Amino acid sequence: MRFPPSLLDDIRNRLPASRVVGRKVTLKKQGREYAGLSPFNKEKTPSFFVNDDKQFYHCFSSGKHGDIFTFLMETEGISFPEAVERLADEAGVSLPKPDPKAEAQERRRASLTDVMEDACAFFEAELFADQGARARDYLRGRGIDGKIAKRFRLGFAPAARAALKTHLAGRDVTPDQMLEVGLVIGGEDIAVPYDRFRDRVMFPITDPRGRVIAFGGRGLDPDAKPKYMNSPETPLFHKGHTLFNIKAARGAAHNTGRVIVVEGYMDVIALARAGIDDAVAPLGTALTEGQLDLLWRMADEPILCFDGDSAGLRAAHRAMELALPRLQPGRSLRFALLPPGQDPDDLYAAGGRAALDQVLGEPLPLSEMLWRSELEAEPITTPERRAAFESRIKAKARAIGDADVRRHYERDVQERLSMLFGRGKGANAGRPGGRMDQRRRLQGPRGPRRDYLSDQPATDALRRSSLVTGRASAPSRRECVLVATLINHPSLLGDRVDMLSSVPMAPELMALLDAASALAARAPKGLAEDLRRQLSDRGHGPVLDQLDRMHITEIEWFAAADASPGDAETGFDHTLALHRKISTLHTELAEVEDLLARETTDAHYQRLRDILSELERAEGSEAIVEGFGASSGRAMRVL
């Protein structure tokens, strides 16, 4: 039987090429494509590529290429109808029964597309005719010139009740066809059908191939109801399964690696005026599952650009609710919040492309947006309200369908809660993402500096810190080596203190470094002995004394004040790299221990053994750096 092109398109849209091909070929992401070894020839270097945006594969070693149907036919030797039937079943698409009417229906669909093209051409011509003057004035007032208008094929629907109907009738379009595609309004209680769009600026809506399938119209009368009007659902147009500007944005997204979602037609056009072409808009409603799937086919982490006011936050919340059950490793959403009360057009008018780039260049990850949304939903001023907030945010994490993504979200939520409610002290406080890391994220890379930079002596609490008292939770030796190196080499403080903000570090050590960094900034040429004296005057003497009692410089000689700056820098960098590696392994160890607590499997035990083995090797590892120590009169290894 002959399969209509629309049915084949439906199957392709539901099944990414990488998913079908990936069952037979091990694929690795390379930019916007996937690469793997050819399934047709033996090779050692990948020459086989799959592109989900274009829904095809190409094998350079054999010259073969095609879509998902061709791939099954080539690799399994089945016929085209068999390939269609198998993939349709996987995609959940019902195949039409052999019916002579099927081809007639497809021909009718093609003819309806021709009707929409005729209507679009009519609206375009009307915009530049005499009666389109008001529409042109409106567009100019929004910064849209003739070039942009033609690029988006903008048009004008005259105010007359039958302007379009009369034009189409002259091109042999029947009243039933006009009704079927929603260009006119009719019915049993309407004696004479009339144009749906009247006295409106017209925005053509296309499918991914660029064929006009619907229209949006913006009323020119200030009292027009509704202000924006879309075509109804038709055989060509399903509102929840397309996006405004999808064809152009899909091509641009292939080059930029991103896609931006804004609220409406004018927002998309405003970004295009600024030279940003990878933007789309839903069609007057919140995002749907079908639209989200389209976005993920264009980019792994679409950027949702909303107004920063309460309405924009509600839209972001709805998008998160839709996305959470569908998240997968590497597939998420990001959020770019505009200043309250401003849309992209306002932002572009006020600050140009740079203002838009600033907002779009710093999108929030979904995890951060989720936290903010729930935290700001209701006050948490009582124990009951705090418990309700905790219950809500945990429920959101549990809604994630993918087990691995869900586990990481649950861990992230727990660490944020520990920070917010003052829990997570002790051994967990310094873990990556734990309490200290959270505090640095919320308060900046170096925490609340005023606590450390005042001229008041350090508090008794600092003197009772784990470093001074020697409790079991004392900082690791590597932390102390890193700090001692910086204290004895103040010239390294500027860059290196910031580097430490991303790794576990005891609070008393961070307090010492923040104070040292500020003092060194005031007197950048100060000597180590001068810095130590000033730190002692500010109450940090007990911590410095304990560092001295650890005899750090007897083993890690590069930390000593008499080591050359180059050796101190090299030693510090290698110690920091090792510290990061071991900290990461400890985090992974905690995660696999959590998994074992829930489910005892051989795979989890093997992962536990592997991590413990890596930790053992890392704890005793040494790095050999050519020439290290020569400038200090030494030549040896450094941890």
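Note: the structure precedes this text.
Residues numbered from 1 in each chain as written. Predicted model: local features only at pLDDT ≥ 70, side-chain atom pairs only at ≥ 80, totals over all residues. Heavy atoms only, no water.

Chemist: It is not clear to me how the overall build of the protein should be interpreted in this structure. Could you clarify?
Modeler: The helix and strand inventory of the protein stands at 28 helices and 16 strands. A buried classification covers 47% of the 639 residues belonging to the protein. In the protein, of all internal contacts separated by at least 6 residues, the share reaching a separation of at least 24 is 65%. Element-wise, carbon and sulfur atoms account for 50% of the exposed surface of the protein, whose accessible area totals about 31,100 Å². (Helix = DSSP H or I, 4+ residues; strand = E, 2+ residues; numbered from the N terminus. Buried < 20%, exposed > 50% of the residue type's maximum accessible area, 1.4 Å probe, protein only. Contact = heavy atoms within 4.5 Å. Areas by Shrake-Rupley, 256 points an atom, 1.4 Å probe, with all protein chains shown as cover.)

Chemist: Would you take a moment to explain the pairing of strand E15 (residues 334-338) for this structure?
Modeler: Along any regular strand, the residues point their side chains to alternate faces of the sheet. Where strand E14 (residues 303-307) and E15 come together, 5 bridges link them in parallel fashion. Following the sheet pairing, Asp-307 is matched in E15 by Leu-338. Inspection of the sheet shows E15 paired to strand E16 (residues 364-365) by 2 bridges, in the antiparallel sense. By the bridge assignment, Phe-335 is partnered in E16 with Leu-364. (Pairing = 2+ DSSP bridges.)

Chemist: Sorry, what's going on with the packing of helix H22 (residues 477-488) against helix H27 (residues 565-598) here?
Modeler: Two packed helices can be described by the angle between their axes and the distance between those axes. Between H22 and H27, the least distance of the axes is 10 Å, while the angle of their chain directions is 155 degrees. Regarding the angle of H22 to H27, the classification is roughly antiparallel. Seen from above, H22 lies across H27 with left-handed handedness. Of the residues in H27, those touching H22 at Arg-478, Glu-479, Val-481, Leu-482, Thr-485 and Leu-486 are Ala-568, Phe-572, Thr-575, Leu-576, Leu-578, His-579 and Ile-582. When the residues that make up the contact of H22 with H27 are grouped by side-chain class, the tally is 8 nonpolar, 3 polar and 2 charged. (Axes fitted to C-alpha atoms, helices over the stretch in contact; angles between N-to-C directions. Parallel < 35°, antiparallel > 145°, perpendicular 65-115°, else oblique. Left-handed = near helix turned anticlockwise from the far one by under 90°. Nonpolar A, V, L, I, M, F, W, Y, C, P; charged D, E, K, R; others polar.)

Chemist: In this structure, what is going on with the sheet that holds strand E6 (residues 155-157)? I would like to understand it.
Modeler: Strands belonging to one sheet form pairs held by backbone hydrogen bonds; the direction of such a pair is parallel or antiparallel. Here 4 strands make up an open sheet; going across it, the order is E6-E9-E10-E11 and the pairing antiparallel. Looking at which strands have only one partner, the edges of the open sheet turn out to be E6 and strand E11 (228-230). Each neighbouring strand pair of the sheet contributes to a mean axis angle of 35 degrees, computed without reference to strand direction. Sheet analysis places strand E10 (residues 212-219) next to E11, joined by 3 bridges and oriented antiparallel. By the bridge assignment for E11, Arg-218 is matched with Tyr-228. The strands touched by helix H11 (residues 265-273) within the sheet are strand E9 (200-206), E10 and E11, with E9 carrying the most contacts at an inclination of about 80 degrees.

Chemist: Sorry, what's going on with the sheet that holds strand E13 (residues 279-280) here?
Modeler: Ordered in space as E13-E12-E14-E15-E16, the 5 strands form an open sheet in which the pairing is mixed. Taken across any chain shown, the strands that pair with only one partner, and hence form the sheet edges, are E13 and E16. Inspection of the sheet shows strand E12 (residues 260-261) paired to E13 by 2 bridges, in the parallel sense. Looking across to E13, one finds that Ile-260 is bridged to Ala-279.

Chemist: Mind showing me how you'd approach the pattern of salt bridges here?
Modeler: Any two side chains of opposite charge can pair, so long as their charged atoms come close to each other. In the structure shown here, the tally under the stated rule is 38 salt bridges. When the shortest N-O distance is used, the salt bridge between Asp-207 and Arg-211 registers 2.7 Å. We classify Asp-207 as buried; its relative accessible area is 10%. Here Arg-607 ties to Glu-588 by a salt bridge, and the two come within 2.8 Å at their closest N and O atoms. Of this pair, Arg-607 sits in helix H28 (residues 602-619) while Glu-588 sits in helix H27, and the two are 19 residues apart along the sequence. Arg-607 gets classed as partly exposed once you look at its relative accessible area, which sits at 33%. Via salt bridges that share partners, Glu-321, Glu-374, Glu-378, Arg-392 and Lys-396 belong to a single interconnected network. (Salt bridge = Lys/Arg side-chain N within 4 Å of Asp/Glu carboxyl O.)

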